[in-house]
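Understanding the architecture of this molecule
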Amino acid sequence: MPEREHWTSRIGFILAAVGSAVGLGNIWSFPFQTASNGGAAFVLVYLVAVVLIGFPTMLVEFVIGRRSESNPVDAFEKLGFGNWSFAGAFGVVVSFVTLSFYSIVGGWVLSYILGSVTGSYFGDAAGYFGSIASGTPAIIGHAIFMGLTVGIVAFGVTDGIERATKVMVPGILILLVGLGVWAATLSGAAAGYDYYLTPDFAVLFSNLDSIIPYAVGQAFFTLSLGFSVMIAYSSYLDRDDSLPADSGAIVGVNTLIALLAGFVVFPILSTIGVSPESGGAGTAFTSLAGAFGQLTGGAILGFVFFSILLFAGLSSSISLLEVPVSYVSETYDYGRTRVALGLGTAIFLFGLPATTGLATFGWYNDVVFNLLIPVAVLLFVLFVGWVAADQFTEEISLGTSLGDSFTITWLWWVRLVIPLAVGFTLVLGIQSLLLKAGIIDAAILLG
Ligand code: TRP
């Protein structure tokens, strides 16, 4: 067996994890989830969900990974609970399915980078989106995006992933701040900030039952939790690193980037007078892109914005592919390149049905959000909290000076609060899937 790679530095690990976390979820879905869930009120609930649910759950994946020093499937066996291996495998499957549609969005982004150069979406962004979102253009975009992902992953953890994210993550931050400064000069900036930052508590309280599951789901997705990714990444980590400090840094940077995206999107939309609520998967590609068409210098801004999205998407997709690749190549002793190519092709094929139309695409997205992620998180949390808690309370205290009261609080939080929050999210998520499939009707909804 080849020797296991290690992160060359702590910052390398943090950047790779940030690269995984910062993705289309921050820049594409966060502002638009915010818009379709009532603006600033959603931001507030999201921030609470990130801190109270996301941060401790990230520690759950970290302790499994570092304790076992192993890929997510074998990790459970190494820890003495081979009958839990299905949980790690389940996370790997979630990564596989997610990448199959994430890559299609990556392909859309490529079409818009091209469109910023040729100007083809400036006149009619919605029409342009309709023409590239499915069918042959979507398949080509999907193929190119997967090809780029496979290329980087084939180089391995230190040469490919660490190096790529070291360039991409700071690049995203700098470009986004630049766009945010420019957006502040627009005439609609004040109205945009108001919508984004002044919560309407009436809206908040009357929609709490739908806002909470969205906010919790978005927190998991954006922090890449429930995918075994953080298990895999932390397995390359040294024992003298502080897991809470690393997790805090990752959660902090990821949240900062999502919030920054809002500072770009809302001033632009209110300047051209588009209601942010129009929502939906296509909004960044229709209303926002349409705004680029109307603003001075829009071609350059559109190019910059969609390039940021490309970097963010790629730094996430390489981490989505890395998990299955490292598992298969370690287990069967095949070369990385071959495995990356083989799995990349399989994921590409698995995603193909979602290029037939937005309705099918929506199913991929909804099954992952409403069902697969919460189930995976629930499995990890129950395992750490109830099945093998002793090893993990020891593991979390290594490398940190936070002490016993932190450990105990975290443990009980993982045992009780997170399973309740995720269970609630899961019930509502399954309900909305059944509703969408027409298996139940709205009259019998809980909550
Ligand atoms: N966090 C990524 C985003 O915000 C998406 C994502 C979800 C992801 N799960 C992942 C990325 C697992 C890498 C690995 O867009």
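Presented here is a report on the structure given in the accompanying data block. As the structure is a computational prediction, the values presented were derived from the model and not from experiment.

Definitions and cut-offs
- Residues numbered from 1 in each chain as written.
- Predicted model: local features only at pLDDT ≥ 70, side-chain atom pairs only at ≥ 80, totals over all residues.
- Heavy atoms only, no water.
- Phe/Tyr/Trp six-rings, centres within 6.5 Å; stacked < 30°, edge-to-face > 60°.
- Helix = DSSP H or I, 4+ residues; strand = E, 2+ residues; numbered from the N terminus.
- Buried < 20%, exposed > 50% of the residue type's maximum accessible area, 1.4 Å probe, protein only.
- Lys NZ or Arg CZ within 6 Å of the ring centre and 35° of its normal.
- Polar contact = N/O pair within 3.5 Å; in protein donor to acceptor, adjacent residues only side chain to side chain.
- Contact = heavy atoms within 4.5 Å.
- Expected span 1.5 Å × (residues − 1).
- 1 Å grid on protein atoms, 1.4 Å probe; cavity = no way out; pocket = protein on both sides within 12 Å on 5 of 7 lines; lining within 4 Å.
- Points joined across faces, edges and corners; volume = space filled by probe spheres on them.
- Nonpolar A, V, L, I, M, F, W, Y, C, P; charged D, E, K, R; others polar.
- Axes fitted to C-alpha atoms, helices over the stretch in contact; angles between N-to-C directions.
- Salt bridge = Lys/Arg side-chain N within 4 Å of Asp/Glu carboxyl O.
- Core = buried A, V, L, I, M, F, W, Y, C linked by side-chain atoms within 4.5 Å.
- Parallel < 35°, antiparallel > 145°, perpendicular 65-115°, else oblique.
- Left-handed = near helix turned anticlockwise from the far one by under 90°.
- Near = heavy atom within 4 Å.
- Areas by Shrake-Rupley, 256 points an atom, 1.4 Å probe, with all protein chains shown as cover.
- Sits in = over half its atoms within 2 Å of the grid points.
- Patch = residues over 30% accessible without salt bridge, like charges linked within 9 Å, V, L, I, M, F, W, Y side chains within 5 Å.

Considering the packing of aromatic side chains
- Applying the stated rule across the entire model yields 36 aromatic pairs.
- Taking the centre distance of 6.0 Å and the plane angle of 80 degrees together, the rings of Y121 and F306 count as edge-to-face. One end of the pair, Y121, is in the loop between helix 5 (85–118) and helix 6 (125–132); the other, F306, is in helix 15 (residues 298–332), and 185 residues separate them in sequence. For the pair shown, Y121 and F306 are each scored as buried.
- Within the aromatic cluster, the residues linked to one another by ring pairs are F101, W108, Y112, Y121, F122, Y128, F129, F285, F292, F305, F306 and F361.
- When the ring centre of W412 is taken as reference, the NZ or CZ atom of R415 above it lies at 4.7 Å.

Looking at the side chain of S116
- Note that S116 resides in helix 5.
- Exposure remark for S116: the relative accessible area of 5% places this residue in the buried category.
- Among the polar contacts listed, one links the side chain of S116 to the side chain of Y121, at a separation of 3.0 Å.
- Excluding anything up to four places from it in sequence, S116 contacts Y121, F122, A299, G302, F303 and F306.

Describing unusual backbone geometry
- Of note in this structure, S224 is not a glycine but carries a positive phi near 55 degrees.
- Following the sequence through the fold, S224 ends up in the loop between helix 11 (208–222) and helix 12 (229–234).
- We classify S224 as buried; its relative accessible area is 8%.
- Even without a glycine there, the phi angle at S228 is positive, about 65 degrees.
- Summarising the element assignment, S228 is placed in the loop between helix 11 and helix 12.
- Judged by relative accessible area, S228 falls into the buried class, the value being 0%.

Focus on helix 5
- Given a rise of 1.5 Å per residue, 34 residues ought to cover 50 Å, and the 50 Å separating the end C-alpha atoms of helix 5 matches this to within 8%.
- Burial within helix 5 is extensive, with 26 of its 34 residues counted as buried.
- G119 occupies a position one or two residues after helix 5 and carries a positive phi of about 80 degrees.

A few points about empty space enclosed by the protein
- If you walk through the whole model with that rule in mind, you get one cavity of 30 Å³ or more.
- In this structure, the largest cavity spans a volume of roughly 140 Å³.
- In terms of lining, the largest cavity is formed by 16 residues, of which the most central are S20, F221, S224, S316 and L320.
- Those elements that place two or more of their residues in the lining of the largest cavity are helix 1 (10–21), helix 2 (24–36), helix 5, helix 11 and helix 15.
- A breakdown of the residues in the lining of the largest cavity according to their chemical character gives seven nonpolar, nine polar and no charged.

Observations regarding the packing of helix 14 (residues 283–294) against helix 15
- Running from N to C, helix 14 and helix 15 point in directions that differ by 145 degrees, and their axes come no closer than 8 Å. Of the residues in helix 15, those in contact with A284, F285, L288, A289 and F292 of helix 14 are G298, A299, L301, G302, F305 and F306.
- Here the residues of the contact of helix 14 with helix 15 sort into nine nonpolar, two polar and no charged.

A word on the pattern of salt bridges
- Following the criterion strictly, the structure yields eight salt bridges and no others.
- Notably, a salt bridge pairs E322 with R336, separated by 2.4 Å at the nearest N-O pair. A residue pair is termed long-range when its members are at least 10 positions apart, and E322 in helix 15 and R336 in helix 16 (residues 336–351) qualify at 14 residues.
- Of the residues examined, E322 reaches a relative accessible area of 0% and is grouped as buried.
- Ionic contacts of the salt-bridge type, sharing partners, join the residues R66, R67, R239, E394 and E395 into one network.

Some remarks on the nonpolar core
- Counting 150 residues, the largest nonpolar core has I64, W108, F285 and F306 as the members making the most contacts within it.
- Among all residues touching W108, those that are not within four sequence positions of it are F129, I132, A133, A138, F285, L358 and F361.

Examining the packing of helix 7 (residues 136–154) against helix 15
- The N-to-C vectors of helix 7 and helix 15 enclose an angle of 60 degrees; their axes lie 9 Å apart at closest approach. Viewed along their axes, helix 7 and helix 15 adopt a mutual orientation that is oblique. Our pair here, helix 7 against helix 15, has a crossing hand that is right-handed. Across the interface between the two elements, F145, L148, T149, V150, I152 and V153 of helix 7 pack against L310, G313, L314, S317, I318, L321, E322 and V325 of helix 15.
- Tallied by class, the residues present in the contact of helix 7 with helix 15 amount to 10 nonpolar, three polar and one charged.

Observations concerning the environment of S270
- With respect to the helices and strands, S270 occurs in helix 13 (residues 243–271).
- With 109 residues separating them along the chain, S270 and L379 place their C-alpha atoms 42 Å apart.
- Here S270 is in contact with G188, A191 and G192, once residues within four sequence places are set aside.

Some remarks on the site of the ligand
- Neighbouring residues of the ligand: 15 residues in total, closest A21, G25, Y102, F221 and S319.
- A21 places a polar main-chain atom, nitrogen or oxygen, 3.0 Å from a nitrogen atom of the ligand.
- Here the ligand loses 100% of its free accessible area of 360 Å² to cover by the protein chains.
- When atom positions are compared with the pocket grids, the ligand is found to occupy the largest cavity.

Points about a nonpolar patch on the surface
- A contiguous nonpolar patch, built from L382, W386, V387, I408, W412, L416 and V417 and spanning about 590 Å² of accessible area, is present on the exposed surface.
- Secondary-structure elements contributing two or more residues to the nonpolar patch are helix 17 (358–387) and helix 19 (404–437).
- Ranked by residues supplied to the nonpolar patch, first place goes to helix 19 with four residues.
- Take L416: it is sitting in helix 19.
- Exposure remark for L416: the relative accessible area of 43% places this residue in the partly exposed category.

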